[in-house]
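A look at the structure
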Amino acid sequence: MGFNLKMYGVVCLVLLPVFLSQRAEAAAVISIDFGSEWMKIGIVSPGVPMEIVLNKESKRKTPAVVAFRDGVRTFGEDAVTVGVKIPKSAYKYLLELLGKPFNHPLVSAYKQRFPYYEIVESERGTPEFVHDKDTRFTPEELVAQLLAKAKEFAEVNHGQQISECVITIPGYFNQAERKAMKEAAALAGLNVLQLINDYTAIAINYGIFRRKEINETAWHTLFFDMGAMSTKAALVEYKTVKIKDKGYVETVPQLQVIGVGYDRTLGGFEMTLRLREHLIKAWEANGGGDVRASPRAMEKLLREAERLKIVLSANSEHYAQIENLLNDKDFKHLVTRVELEALCADLFARVAGVVQRAVAAASGAGGGAKLVVAGGASRVPAVQDALRETVGHEPSKSINADEAATLGAVYRAASLATGYKVAALNVRDAVVLPINVVFTRGTNVDGSDRVIKRVLFGPMNPYPQKKLITFNKHTSDFSFYVNYGELDHIPSNELASIGPVNISHVVLTGVSDTIAKNTGDNIEHKGIKAHFTMDDSGILQLINVEFVAEKTVTEADEDKDSTLSKIGSTISKLFGTDLDSDKPEEKTEEKTPEKNDTLKANETTSEKQNATEQAESKPKAKVIVLKEPINAEETLQNLLPLSTEQFKASKTKITELNTIDKKRVERETALNNLEAFVVDAQMKINMDEYAECGTPEQIEEITKLCSEISEWLYEDGYEAATEMFEEKLALLKDKTNSIFYKHWEHRERPDAVAALRNMLNSSQEFLKMAKNFTKETNAERDVYTDVEINVLEKKIDETKTWLDKSVKEQKALKKNEDIKLTVDSIREKMHGLDREVKYLVNKMKIWRPKKPAKTDNKTETVIENEVKTDEEVKTDDMEGKVEAEKPVVEVEDDSGGETETPQLADGNVEHSEL
């Protein structure tokens, strides 16, 4: 499905309401849809709700390729061009190597597909490219350079620094692969807000345009995404849920991934490889020679096969054509769509399995879900047919197959970034690779250790989420493993691609000592608890391990153990008396017969009363939870992260490359600027209109200087330093500036003079009209005073006289002499005249007739358009509110508001440009 620019504009307009507000201080954030073959960048910045970032060729997607040739690093299309000529110098399909050990089956497949790369095992046990004898690159370093380039594209397009991003990854990525992507982003200088599964980003893009359709009744959509290297399907549920936030319960729309299926090796690139093999056989059948021995020829065939595959998606047949494929021989061969489908028949048969596994993982939920397709390879007609047969209805193409993930991810970035408020959409992803905790406890009958397995995150468990595992039977130091488990839902051919199933080994120490410190009759052990979390990026972390017990205490015990009780006890010991000693106080009491009789008479009553009082005064029991941390040492078992030293070394390597690129760009810019200016100066100096603006000596000097610089550039100037180019450019500009300036003045002056004369004519016409609105000529409409009329008339006369004189003087000068009448001086005169006229025009707009004077016995004082009695004047004078010398009149401006027009004491008007 081709991209429709008009439709994209509609999409942007529809999306505006979901961005509720953006603070001015909000920083721009980006999304990077980093695929095996392409990378696309989305951006959200203040005033720009959501859009795709264009690269330097003004294209919406960039090949994920970085190349090195003759000390020059290139990216994208330029790197692809280098790859055709020198295949081993251009690095591509790097996502397939990220976070994998050297002996991984996908690494072996990569080496077979691209035999011209020299790939060795690094110190960490990962693959590493040998670029030359002094330089090696890890996949993380190469991916980091591409991510940094994506960041640069966004910064250049929007003129501000970028530091935060959301990056898409395949949903089947394991823990090591996810961590490797975050390391690459850190090397690129990016703070990753979230690693988001690509199908989840697509689901977000789909959901934000259908928020009004999401309600308490769940509905489902099945997303199918076939890219260059892999295929994914995800069943997503949309419904509203209640979420408590800051004490308030809010109903928000939510998308939750409930089923996922995938095939790591089913993608468009595999079709391209098979089509290339078909072309190789056609070449060999015609006696073309051993094309497999030439990496350059193989790359040409690969590019032609990719082009041919795309064309055959819309046509039934097409010719493959390559000029000078090998040994100066051209290649041309007709390929039909039927042939392509026959070559890839087994691949198309695997499409149904991906969809079926996604539905099965949802445990029967999602019946009647609509199928929505994304990904470039999903455009292949045979893939569409397989999907149609599998789901029983026509696949929907309602989203942009190329950019849906990018736009969904950038929406997520805006919701996570500071300074943006977007319409709420709760996102719950699902665990694709389940995780277990494995430990030993006791022995079996045969004497072997008894292995216990506990599910930590099961298949399709939602995340982000926190989990804990409790160890109840361990009383001494022990250890446990965190492994991938419960993998029955994953096909056998995919199990090998997971890599090592052991994630980490955790050793707990100090257990027995901790338990011993927390033992007593009133203490009940609750076990050793290990707390885990799986964050938004799907990365598992061990938060902490602690011993937990419950202690039963009375209120008296609690008071005794309290800090205040301990302080009181200490004070009592310091200032103790005989009453505070351990010896109990002895008390004796002499009883009289009368007293004894009274005691006997009330014996029964006293016993009952004492029993009741004792029951009421019995301390209440309370349970206190005791927690104490346990030392936990975690060791990763599959792929170690970059050490501090390794990270610094990789960062230094990338920084040096960036510095080289920056200096190269500066040098190229300086060289181009010098070359362009020399050519421009030579051309202009040879034109009469420029030559007559300088003296013969100046023209000769400039001509000679241009020739010298041209010859210098042609001979050995291209090897000069940047500073030399800048110095020669500055020298040439210094020699030519006066001539170019005079030419510009002579060229622009006639228009400026004509504009001033037109203004003078208009001003004179206005002056004639204004004279009819003075007190002498029109008593009822005395808008202007004589002073104002005289000021304008004087300004017109002065300007006209100055112009006539200056034009005459300028005409008497030669063009190469100093300018007498400059364009700036004309503009200054126009500005002064315009200000005077505008003031009078404004006064006409705001003028109001005077109020009629009252005719009673009171004496009245008239100030401009205001009428006040003597009594009011006295009051105002006392309060300092009336200034007779400088009255203020309230007027209305064009906008309907109020302003003030001050007048000077001498009667002149203080003009201001309105």
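Bear in mind the structure is a predicted one, so any value in this text is a computation, not a measurement.

**Comments concerning the confidence of the model for the protein**
Averaged over all residues, the pLDDT of the protein equals 84, while 83% of them reach at least 70. Segment residues 562–604: pLDDT under 50, and 9 contacts once partners within four positions in sequence are set aside and those in other chains are kept.

**Things to note about the environment of Asp786**
Looking at the element boundaries, Asp786 is found in helix H24 (residues 786–811). Residue Asp786 is classed as partly exposed on the basis of its relative accessible area, which comes to 38%. Taking the C-alpha atoms as reference points, Asp786 and Lys775, 11 residues apart in sequence, are found 8.3 Å from one another.

**Some points on the pattern of salt bridges**
Here the structure, examined in full by the defined rule, presents 48 salt bridges. With a shortest N-O distance of 3.0 Å, Glu692 and Lys815 are connected by a salt bridge. In this pair, Glu692 sits in the loop between helix H21 (688–691) and helix H22 (696–715) while Lys815 sits in the loop between H24 and helix H25 (823–846), placing the two residues 123 residues apart along the sequence. On the accessibility criterion, Glu692 (38% relative accessible area) is partly exposed. The class of Lys815 is partly exposed, set by a relative accessible area of 39%. Connected through salt bridges with shared partners, the residues Arg73, Asp661, Arg664 and Glu668 form a single ionic network.

**Here we look at helix H11 (residues 351–361)**
Among the residues of H11, those classed as buried are Val351, Ala352, Gly353, Val354, Val355 and Ala358. Those residues of H11 hidden inside the fold are in contact with strand S14 (219–226), strand S15 (231–245), strand S16 (248–263), helix H10 (345–349) and helix H12 (381–391). Backbone geometry just after H11 places Ser363 at a positive phi near 55 degrees.

**Some remarks on the packing of aromatic side chains**
Aromatic rings in a pair are described by how distant their centres are and how their planes are angled relative to each other. This model, assessed by the stated rule, comprises 28 aromatic pairs. Judged by centre distance (5.5 Å) and plane angle (20 degrees), the rings of Tyr91 and Tyr117 are stacked. Residue Tyr91 is located in strand S8 (residues 90–91), and its partner Tyr117 is located in the loop between helix H3 (105–113) and strand S9 (119–121); the two are separated by 26 residues in the primary sequence. Taking relative accessible area as the criterion, Tyr91 reaches 1% and is therefore assigned buried. Accessibility expressed as a relative area gives 7% for Tyr117, which makes it buried. Judged by centre distance (6.0 Å) and plane angle (10 degrees), the rings of Tyr110 and Tyr117 are stacked.

**Examining helix H7 (residues 268–285)**
Helix length check: H7, at 18 residues, gives a terminal C-alpha distance of 26 Å against a target of 26 Å (1.5 Å per residue), a fit within 8%. With respect to burial, H7 is a largely interior element, 13 of its 18 residues being buried. In the stretch just after H7, Gly287 is the one whose phi turns positive, near 70 degrees.

**What about unusual backbone geometry?**
Following Tyr463, the chain continues into Pro464 via a peptide bond in cis, with omega recorded as 10 degrees. Structurally, Pro464 is set in the loop between strand S24 (462–463) and strand S25 (465–471). For Ser58, which is not a glycine, the phi torsion comes out positive at approximately 65 degrees. Relative to the elements of secondary structure, Ser58 occurs in the loop between strand S4 (48–52) and strand S5 (62–63). Of note in the backbone geometry, Asp70 takes a positive phi value of approximately 55 degrees without being a glycine.

**Examining the pairing of strand S17 (residues 317–326)**
Pairing of S17 with strand S18 (residues 329–336), which is carried by 7 bridges, proceeds in the antiparallel orientation. The residue of S18 that forms the bridge with His318 is Val335. Adjacent in sequence and paired antiparallel, S17 and S18 are bridged by 2 residues, among which Asn327 carries a positive phi angle near 55 degrees.

**Comments concerning the sheet that holds strand S22 (residues 435–443)**
In space, the 5 strands of this open sheet follow the order S23-S22-S26-S27-S31, with antiparallel pairing throughout. The open sheet terminates on both sides in strands that have one partner only, identified here as strand S23 (449–457) and strand S31 (631–636). On average, adjacent strands in this sheet sit at an angle of 25 degrees to one another, irrespective of strand direction. The pairing of strand S26 (residues 478–484) with strand S27 (residues 502–509) spans 6 bridges and is antiparallel. By the bridge assignment, Phe480 is partnered in S27 with Val506.

**Brief notes about a negative patch on the surface**
There is a patch of like negative charges on the surface, built from Glu708, Glu711, Glu715, Asp716 and Glu719. Position of Glu715 relative to the elements: it lies in helix H22.

**What to know about the packing of helix H23 (residues 722–770) against H25**
The description of two packed helices rests on the angle between their axes and on the distance between the axes. Between H23 and H25, the shortest axis-to-axis distance is 10 Å and the interhelical angle comes to 20 degrees. Comparing the axis directions of H23 and H25 gives the class roughly parallel. Note on packing geometry: the crossing formed by H23 with H25 is left-handed. Split by residue class, the contact of H23 with H25 holds 17 nonpolar, 1 polar and 6 charged.

**Details of the sheet that holds S24**
Taking strand neighbours across the sheet as the criterion, the 6 strands line up as S19-S14-S15-S16-S21-S24 in an open arrangement whose pairing is mixed. Since the sheet does not close on itself, it has two edges, and those belong to strand S19 (370–374) and S24, each with one partner. Sheet analysis places S14 next to S15, joined by 8 bridges and oriented antiparallel. Considered in S15, the bridge of Leu222 is made with Leu235. The strands that H11 touches are S14, S15 and S16; relative to S16, the one it contacts most, it runs at about 140 degrees.

**Section: the environment of Met460**
Mapped onto the elements, Met460 comes out in the loop between S23 and S24. For Met460 and Ala430, which are 30 residues apart along the polypeptide, the C-alpha to C-alpha distance reads 4.6 Å. Ignoring anything within four residues of it in the chain, the contact list for Met460 reads Ile258, Gly259, Val260, Ala361, Ala430, Val431 and Val432.

Definitions and cut-offs
All residue numbers refer to position in the chain's written sequence, counted from 1. Predicted model: local features are reported for residues with pLDDT of at least 70 only, side-chain atom pairs are reported and counted for 80 or more only, and whole-chain, interface and lining totals are derived from all residues. To get the side-chain values, take all heavy atoms of the structure and skip hydrogens and water. Confidence of the predictor at the level of single residues is captured by pLDDT, which takes values from 0 to 100. Two residues form a contact once any of their heavy atoms are found within 4.5 Å. Here a strand is any run of E in DSSP of at least two residues, a helix any run of H or I of at least four, and the numbering for each starts at the N terminus. Throughout this description, buried means an accessible area under 20% of the type-specific maximum (1.4 Å probe, protein chains only), exposed means over 50%, and partly exposed covers the range between. Salt bridges are counted wherever a side-chain nitrogen of Lys or Arg sits within 4 Å of a carboxyl oxygen of Asp or Glu. Only the six-membered ring of Trp is used, alongside the rings of Phe and Tyr, when aromatic pairs are assigned; centres must lie within 6.5 Å, and planes under 30 degrees apart are stacked while those over 60 apart are edge-to-face, with the rest tilted. The span you would expect from a helix comes to 1.5 Å times its residue count less one. For two strands to be treated as a pair, DSSP must find at least two bridges joining them. Axes, fitted as lines to C-alpha atoms, cover a helix only where it is in contact. Angles between the N-to-C directions of the axes lie from 0 to 180 degrees. Two joining distances apply to patches: 9 Å for like charges and 5 Å for nonpolar side chains (Val, Leu, Ile, Met, Phe, Trp, Tyr), and every residue must have over 30% relative accessible area and no salt bridge. Areas reported as accessible are Shrake-Rupley estimates using a 1.4 Å probe. Residue values count occlusion only from the protein chains shown. Positive charges come from Lys and Arg alone, negative charges from Asp and Glu alone, with His and the N- and C-terminal ends not counted. For charged residues, the charge sits on one atom: NZ in Lys, CZ in Arg, CG in Asp, CD in Glu. Angular relationships are summarised with four words: roughly parallel below 35 degrees, roughly antiparallel beyond 145, roughly perpendicular across 65 to 115, and oblique for the angles in between. In a left-handed crossing the near helix is turned counterclockwise from the far helix by less than a right angle, and in a right-handed crossing that turn is clockwise. Classes in brief: Ala, Val, Leu, Ile, Met, Phe, Trp, Tyr, Cys and Pro nonpolar; Asp, Glu, Lys and Arg charged; the others, Gly included, polar.

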